[in-house]
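Spelled out, the chains give:
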Amino acid sequence: GVNRNVVLNTTNWSSDPAVVDPSFTSLTCSVTNNKSSDFNAKKNVDTLEKALGLVHLGYFRGGTNDNAPDAQLELRKTFDLIIERLECSPDPDIQKLAYHNGVKRRVITMGDPYHIANLTMMHFSISAWGDTNKDDHRQVHHLQVLQTIHTLQMLDPAEAQDNFERVLRDMNHPIQRLKTKNERIQRWLVNQRNSTDLLNMMELRDNDGVSALVTWALHYANTKTGLARTLGRELAVWLQMPIIKICLLSESENGNYFEGVYAFHCRCGPMHSRSGFRMLELFNFFYGFEMSYWNNAVDNTASAYPKTMAAIEELEDEELTRFCKQHMERGLRVARYQSKLNSVASISSMLHYST
């Protein structure tokens with residue numbers, strides 16, 4: 001693939017200051033073989049100065065990114081280089097643009113709520129139930145269950161669907177599609193929606209209470225050889241483990257939080273006519289939804305995660321019950337900390353500028 005340096009100019013087409021109607025113009029998409037932050041920062045400033053002029057460039061405040069260290073560094077270096085050029089200008093009026101109320105300006109680095117939310121859920125999952133081990137595909141872990149069932153299906157998707165339909169017919173359940181996806185802990189809502197689909201299929205049972213998915217997995221364990229047989233055996237065991245169900249329930253109910261984040265960006269708000277362009281409302285989003293959600297999750301876990309906590313209470317093993325409650329609490333506290341850390345950092349960058 002080819003690396004490109006892309007710079008977009010955002011313009012508000014609305015004549016009403018209270019209405020934001022953005023448009024985007026490409027200033028450059030030039031090919032680059034250098035991905036360093038210093039090179040990209042210089043390329044950004046050169047492009048912007050050529051297109052807008054140094055006077056207009058002086059109103060650059062910062063931006064929003066995915067919280068990645070290299071993205072944050074490039075944004076800071078771009079801002080610092082702009083300030084440097086303003087201060088080096090022979091025009092005193094341009095030099096003043098580097099300051100606000102007599103104080104040297106600071107960069108605004110807004111964390112994107114999508115990435116903040118996803119990082120928060122990732123920290124919850126790892127802190128509560130542990131991380132997966134690289135290249136250990138037989139690890140007893142709920143995320144490995146998501147991946148293993150998808151791997152088994154993809155060996156022969158048509159056969160997998162036929163086998164699942166046969167099991168459903170034998171159990172007198174309506175025919176439905178076998179839904180699986182690759183496990184992706186760092187992709188928005190993938191594991192959460194995947195867990196929900198898997199749990200729904202796990203609840204399809206015969207008269208003896210055996211899950212249709214367990215019967216489906218046993219077909220591979222008893223009739224296949226090689227990888228298919230191994231995966232079938234592992235799944236048949238894992239899907240009957242209470243701890244696996246509890247972990248999947250927590251992932252699924254985590255999705256309720258992210259669905260709220262997703263909905264915020266998928267609709268317009270009182271201050272914006274377009275979805276996804278609601279920067280003026282981020283303060284209320286972070287403090288009105290983000291922090292209140294995790295505070296409630298820690299203080300009233302049973303109300304925020306009713307299915308997960310109900311499954312924990314149903315455990316007959318008191319030690320396992322205590323273990324699950326402790327790990328849920330640890331995961332939620334870490335998630336709350338990470339959410340506050342990233343949200344406050346984003347809002348603070350704006351407050352630093354205003355002061």
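Look a little higher up for the structure.
Because the structure is predicted, anything quoted here is derived from the model rather than measured. (Residues numbered from 1 in each chain as written. Predicted model: local features only at pLDDT ≥ 70, side-chain atom pairs only at ≥ 80, totals over all residues. Heavy atoms only, no water.)

**Points about the packing of aromatic side chains**
Then comes step 1: According to the stated counting rule, one finds 10 aromatic pairs in the structure shown.
Then comes step 2: Here Phe 289 and Tyr 293 contribute two aromatic rings whose centre-to-centre distance is 6.1 Å and whose plane-to-plane angle is 40 degrees, an arrangement assigned as tilted. Placement of both Phe 289 and Tyr 293 in helix 12 (residues 282–299) is noted, with a separation of 4 residues, approximately one turn of the helix.
Then comes step 3: A relative accessible area of 16% places Tyr 293 in the buried class.
Then comes step 4: By way of ring pairs, the aromatic residues Tyr 257, Phe 285, Phe 286, Phe 289, Tyr 293 and Trp 294 are connected into one cluster.
Then comes step 5: Directly above the ring of Tyr 262 sits Arg 193, whose terminal nitrogen or CZ lies 5.6 Å from the centroid. (Phe/Tyr/Trp six-rings, centres within 6.5 Å; stacked < 30°, edge-to-face > 60°. Helix = DSSP H or I, 4+ residues; strand = E, 2+ residues; numbered from the N terminus. Buried < 20%, exposed > 50% of the residue type's maximum accessible area, 1.4 Å probe, protein only. Lys NZ or Arg CZ within 6 Å of the ring centre and 35° of its normal.)

**Considering a nonpolar patch on the surface**
Then comes step 1: Residues Val 6, Leu 8 and Phe 24 make up a contiguous nonpolar surface patch of about 310 Å² in total accessible area.
Then comes step 2: Along the polypeptide, Phe 24 turns up in strand 2 (residues 22–31). (Patch = residues over 30% accessible without salt bridge, like charges linked within 9 Å, V, L, I, M, F, W, Y side chains within 5 Å. Areas by Shrake-Rupley, 256 points an atom, 1.4 Å probe, with all protein chains shown as cover. Salt bridge = Lys/Arg side-chain N within 4 Å of Asp/Glu carboxyl O.)

**Here we look at helix 10 (residues 226–238)**
Then comes step 1: Given a rise of 1.5 Å per residue, 13 residues ought to cover 18 Å, and the 19 Å separating the end C-alpha atoms of helix 10 matches this to within 8%.
Then comes step 2: Of all the residues in helix 10, the buried ones are Ala 228, Leu 231, Gly 232, Glu 234, Leu 235, Ala 236 and Trp 238.
Then comes step 3: Buried positions along helix 10 lie against helix 6 (142–155), helix 9 (212–223) and helix 11 (242–265). (Expected span 1.5 Å × (residues − 1). Contact = heavy atoms within 4.5 Å.)

**Quick look at unusual backbone geometry**
Most peptide bonds take the trans configuration, and most residues that are not glycine carry a negative phi.
Then comes step 1: For Asn 101, which is not glycine, the phi dihedral falls at a positive 55 degrees.
Then comes step 2: Secondary-structure assignment places Asn 101 in the loop between strand 4 (99–100) and strand 5 (103–104).
Then comes step 3: Residue classification places Asn 101 among the exposed residues on the basis of a relative accessible area of 71%.
Then comes step 4: With a phi close to 70 degrees, Asp 135 is a non-glycine residue in the positive phi region.
Then comes step 5: Among the structural elements, Asp 135 can be located in the loop between helix 5 (113–129) and helix 6.

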